[in-house]
Amino acid sequence: MVRAVTAGQLFQAVDRLGAVPARFAKAARAALVGLVFPPAILALASTLGTPLRGGVTWLFVIVPAIGFTVSGLMAGAAFGRGHRVTWTFGGALLLGGSLIGVAYRSLHGLTGREPIMLILLVPVAGFMLGFALAGLVGSLSLPLPGTQRRRVTGRCAWGGLLGGLIAAVPVLVALPTADRQMAQYAWMAMTVASFFACLILPYRLMGRAFRDAMDTVVAPPMAESSGTGDRT
């Protein structure tokens, strides 16, 4: 039996879809915490005079993985279509985030004197593949036709391209010398802005891609607490 769609349910679905990009952008915060936490812990330990020398590699693997997974759960919950969609997006961002995290860490230790293509190659490729993979896997949990899935995947890849370029900006603009204090402050501000934007912007663009694709779906979202289905 086909369930009737009331006007209230339809308006609720439209309102929820309209909020998806903003909720995806908020979800990016969890991924940002996952990326910044390990180096922050190492820096704090070094400042306190007790540098962590060994056994900390896991921090740069486990913590970002947790951050990206949580961000995926938050993004998936934005659709309000049940636990399957929510957990699928959690897995999607876990898979994509593993590539994004490796790409971001590749920028550490670079001086900016390397060839531009070498600096850009890993972050741009990693961010593009990571967001494309997350978009593709996430789309499999939604009632989208194949053309819409390909469109979502492509738009997520373009968002990843922008994110990779933004992440590489602080390396391309080398740290000013110590005698140029104001320039150093400007570089640090740019680095912080780049860190936030390299994930928040692609996440928001991913949310827009899914919002536009889901606009073609007429059926209203299923409540999270729904435990029974319609019977024929």
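Residues numbered from 1 in each chain as written. Predicted model: local features only at pLDDT ≥ 70, side-chain atom pairs only at ≥ 80, totals over all residues. Heavy atoms only, no water.

What follows concerns the side chain of Ser139. Examined against the element boundaries, Ser139 turns out to sit in helix 5 (residues 116-139). From its side chain, Ser139 meets the backbone oxygen of Leu136 in a polar contact 2.7 Å long. Look past the residues within four positions of Ser139 in its chain and what remains in contact with it is Leu144, Arg149 and Phe210. (Helix = DSSP H or I, 4+ residues; strand = E, 2+ residues; numbered from the N terminus. Polar contact = N/O pair within 3.5 Å; in protein donor to acceptor, adjacent residues only side chain to side chain. Contact = heavy atoms within 4.5 Å.)

Interhelical geometry of helix 5 versus helix 7 (residues 181-214) gives an angle of 35° and a closest axis separation of 11 Å. By crossing handedness, the relation of helix 5 to helix 7 is classed as right-handed. The residues of helix 7 that touch helix 5, namely those facing Phe127, Phe131, Ala134, Gly135, Gly138 and Ser139, are Cys198, Leu199, Pro202, Tyr203, Met206 and Phe210. Across the contact of helix 5 with helix 7, the residue classes break down as 9 nonpolar, 3 polar and no charged. (Axes fitted to C-alpha atoms, helices over the stretch in contact; angles between N-to-C directions. Left-handed = near helix turned anticlockwise from the far one by under 90°. Nonpolar A, V, L, I, M, F, W, Y, C, P; charged D, E, K, R; others polar.)

What follows deals with the nonpolar core. Ranked by internal contacts, the top residues of the largest apolar core, which has 43 residues, are Phe79, Phe127, Leu199 and Phe210. Of all the elements in the fold, those that place two or more residues in this core are helix 2 (20-47), helix 3 (59-77), helix 4 (83-105), helix 5, helix 6 (146-172) and helix 7. For this core, the element with the highest residue contribution is helix 7, accounting for 9 residues. Excluding its chain neighbours within four sequence positions, the residues that come into contact with Phe127 are Ile100, Ala103, Tyr104, Gly160, Gly163, Gly164, Ala167, Cys198 and Leu199. (Core = buried A, V, L, I, M, F, W, Y, C linked by side-chain atoms within 4.5 Å. Buried < 20%, exposed > 50% of the residue type's maximum accessible area, 1.4 Å probe, protein only.)

Throughout the structure, instances matching the rule amount to 10 aromatic pairs. Seen in terms of ring centroids, Phe24 and Phe89 are 6.1 Å apart; in terms of plane orientation they differ by 90°. Their pairing is edge-to-face. Here the residue Phe24 occupies a position in helix 2, and Phe89 occupies one in helix 4, the gap between them amounting to 65 residues. Of the two residues, Phe24 and Phe89, both sit in the buried class. When the centroid spacing of 5.9 Å and the interplanar angle of 75° are considered together, the rings of Phe79 and Phe210 count as edge-to-face. With a gap of 131 residues between them, Phe79 in the loop between helix 3 and helix 4 and Phe210 in helix 7 connect regions that are remote in the sequence. (Phe/Tyr/Trp six-rings, centres within 6.5 Å; stacked < 30°, edge-to-face > 60°.)

For the rest of this paragraph, the subject is helix 7. In this model helix 7 runs 49 Å from its N-terminal to its C-terminal C-alpha over 34 residues, within 8% of the 50 Å that 1.5 Å per residue would give. When the local axis directions of helix 7 are compared, the greatest deviation, roughly 30°, occurs at Ala197. (Expected span 1.5 Å × (residues − 1). Bend = angle between axes of the 7 residues up to and from the residue.)

Right, let's get into the confidence of the model for the chain. Across the chain, pLDDT averages 85, with 81% of residues at or above 70. The spread of mean pLDDT over the elements of the chain runs between helix 1 (residues 7-18), the lowest at 62, and helix 4, the highest at 96. In this model residues 220-232 is a low-confidence stretch, pLDDT under 50, and it forms 23 contacts with partners more than four residues away in sequence or in other chains. (pLDDT = per-residue confidence, 0-100.)

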